[in-house]
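# A structural walkthrough
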Amino acid sequence: MDKEWTIALIAFLIYNLRMLVLDDLREINDVIKEIAGFIGRDSAVKPDFEEYLRTVGGSLNPEAAAFNYIFERSLDNKNIIELYLEKSKKLPAGHKKIVQALEQSISSVFEVKRILKNGFELYNIINEKTYYTTSLVKMTAFRGIGPGLLVVARIFNYEDTSYLLEISGVLPSRRREDALRYAVAKIIETPELVYFDNPEKQKEIEKNVNALYKKFVEYFGTDEVITTNKFADDVINLFNEYAETGYKASFSDKIQLPDGYRFFNVSEFNNSYDNFLENSLGGFSSHNEVYDVGVIFDKELGLYAIPFYGTFNKIFDGETVENADKCVEYFLNNDKFSANLLVRIAEKHANFMELVNKFLGAKYTLDELLQKYKSRYLKNKVFSSTTVLYKSEAFSNTLGLLEEQEERPEVQSVGRNEPCPCGSGAKYKKCCGAG
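Keep in mind that what you see is a predicted model, and the values were worked out from it rather than measured. (Residues numbered from 1 in each chain as written. Predicted model: local features only at pLDDT ≥ 70, side-chain atom pairs only at ≥ 80, totals over all residues. Heavy atoms only, no water.)

## Some words on the packing of helix H13 (residues 339–348) against helix H15 (residues 366–373)
Where H13 contacts H15, the axes come no closer than 10 Å and their chain directions differ by 155 degrees. By the angle between their axes, H13 is roughly antiparallel relative to H15. Classified by chirality, the crossing of H15 by H13 is right-handed. Here Ala339, Leu342, Val343 and Ala346 of H13 lie close against H15, whose contacting residues are Leu366, Leu369 and Leu370. Taken together, the residues of the contact of H13 with H15 sort by class into 7 nonpolar, no polar and no charged. (Axes fitted to C-alpha atoms, helices over the stretch in contact; angles between N-to-C directions. Helix = DSSP H or I, 4+ residues; strand = E, 2+ residues; numbered from the N terminus. Parallel < 35°, antiparallel > 145°, perpendicular 65-115°, else oblique. Left-handed = near helix turned anticlockwise from the far one by under 90°. Contact = heavy atoms within 4.5 Å. Nonpolar A, V, L, I, M, F, W, Y, C, P; charged D, E, K, R; others polar.)

Here is the structure:
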């Protein structure tokens, strides 16, 4: 099958996927169809879409692959819907309004609370908010989905109504732990999901950031410290203890710098789904290589642990740093490092832009550099994932489940009418064996 037919087939499948659309929602369906056509004809997007299809291979069906591409992919720091808006001239006002609403869609993990006449009542496990959604297709398309199930779904708000765009995954209630782990993985990847469309949650996080910033400076006497990866976890844990209890343990022996500064690939960095706890909370001490880590509290965005932060600064101190060019690229291209971080370093070093431009072979201003590499942070307030996790019920519940698994006694050989091995004095069937 040649490329032209591949693109035509995907657009056709997306269109037919929504042929059951309710008549009064036809305009929304037409907009989705137009965007699907755009990815198959635009000279810049089309080759990237073809490469995306080759990459995902048989892991997704064609409809899901195209749908994921539209809502998840970015080119030159612009999402596909943003590119569609930019390149589509003279869109009707209503059409444009729908596109802008689709751009703000939410992909999350939901618990199905109730089946409504034309949709579902869904509780968003990530942003802790309930949505009464209207389905874009007839409810017969969702046979078998009922209260108690956990679903991965995408919704969007348009004219004071929440619409269900798709359900891409379903889990039974007994697999709630898996749903929570997936939710936490999504939070680490996109922290703003926790407070997107939930201003009360954002205010709660902002209040927490302000309080913790003061405690960080009280404890360390500064808003950033640099140590090696062997002690970074200890530094974070000591601060957490101080923030929670007020106990000010000595940290001086935990501030140790590496013998020299050089940038290299850390083989132990693991971005897999299964390693989300390490990714969110540190785990640096287990790495074989030794490198510097900056533990930084951004007054606006929260707590960060930044590998090679000291090395990056040394580049602008005039020192010779091995692989300095790759280090600069690392800080520019890593989406976890905020625009604020680059501004912080630029304010310390008058030669920041001069050297960055030298490495890039460019002539950017600082504003242009941030727009190119950190546009996500210029558009939205993106707290650090660690900071957001502090206030996430999904994360707290995940930790609780893990602790229960570690502490739960072996019960395979315990009879239901025997005393529970937890020591409560109750029968097993009335205690740990209940349910």
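## Thoughts on the pairing of strand S8 (residues 224–228)
With 4 of its 5 residues buried, S8 lies for the most part within the structure. Where S8 and strand S9 (residues 292–298) come together, 5 bridges link them in antiparallel fashion. Bridging from a neighbouring strand, Ile226 pairs with Gly294 of S9. (Buried < 20%, exposed > 50% of the residue type's maximum accessible area, 1.4 Å probe, protein only. Pairing = 2+ DSSP bridges.)

## Structural notes on the nonpolar core
Counting residues in hydrophobic clusters, the biggest one holds 77 residues, and the most contacted among them are Phe312, Phe331 and Phe352. The contact partners of Phe352, leaving out residues within four places of it in the chain, are Phe312, Phe316, Leu342, Ile345, Ala346, Leu366 and Leu369. Within the second largest apolar cluster, 34 residues are counted, among which are Phe38, Phe67, Ile70 and Leu75. (Core = buried A, V, L, I, M, F, W, Y, C linked by side-chain atoms within 4.5 Å.)

## Considering helix H6 (residues 93–103)
Three or more residues of H6 are buried, namely His95, Ile98, Val99, Ala101 and Leu102. Viewed end-on, H6 has its buried residues packed into an arc of 160 degrees, placing them on one side of the element. (Arc of directions from axis to C-beta.)

## Digging into the sheet that holds S9
The 3 strands are arranged S8-S9-S10 in an open sheet whose pairing can be described as antiparallel. With one partner strand each, in any of the chains shown, S8 and strand S10 (302–307) form the two edges of the open sheet. Sheet twist, expressed as the mean angle between neighbouring strand axes with direction ignored, is 20 degrees. The pairing of S9 with S10 spans 6 bridges and is antiparallel. Looking at the pairing, Val293 lines up with Pro307 of S10.

## Some words on the pattern of salt bridges
On inspection of all chains with the given rule, the structure shows 24 salt bridges. The salt bridge involving Asp42 is made with Lys87; its shortest N-O contact spans 3.1 Å. Linking Asp42 in the loop between helix H2 (26–41) and helix H3 (45–56) with Lys87 in helix H5 (residues 80–87), this pair joins segments that are 45 residues apart in sequence. The exposure class of Asp42 is buried, given its relative accessible area of 11%. Of the charged contacts, one joins Glu86 and Lys78 as a salt bridge, the two residues approaching to 2.5 Å between their closest N and O atoms. Of the residues examined, Glu86 reaches a relative accessible area of 39% and is grouped as partly exposed. Residue Lys78 is classed as partly exposed on the basis of its relative accessible area of 27%. (Salt bridge = Lys/Arg side-chain N within 4 Å of Asp/Glu carboxyl O.)

Purely geometric numbers; function is a separate question.
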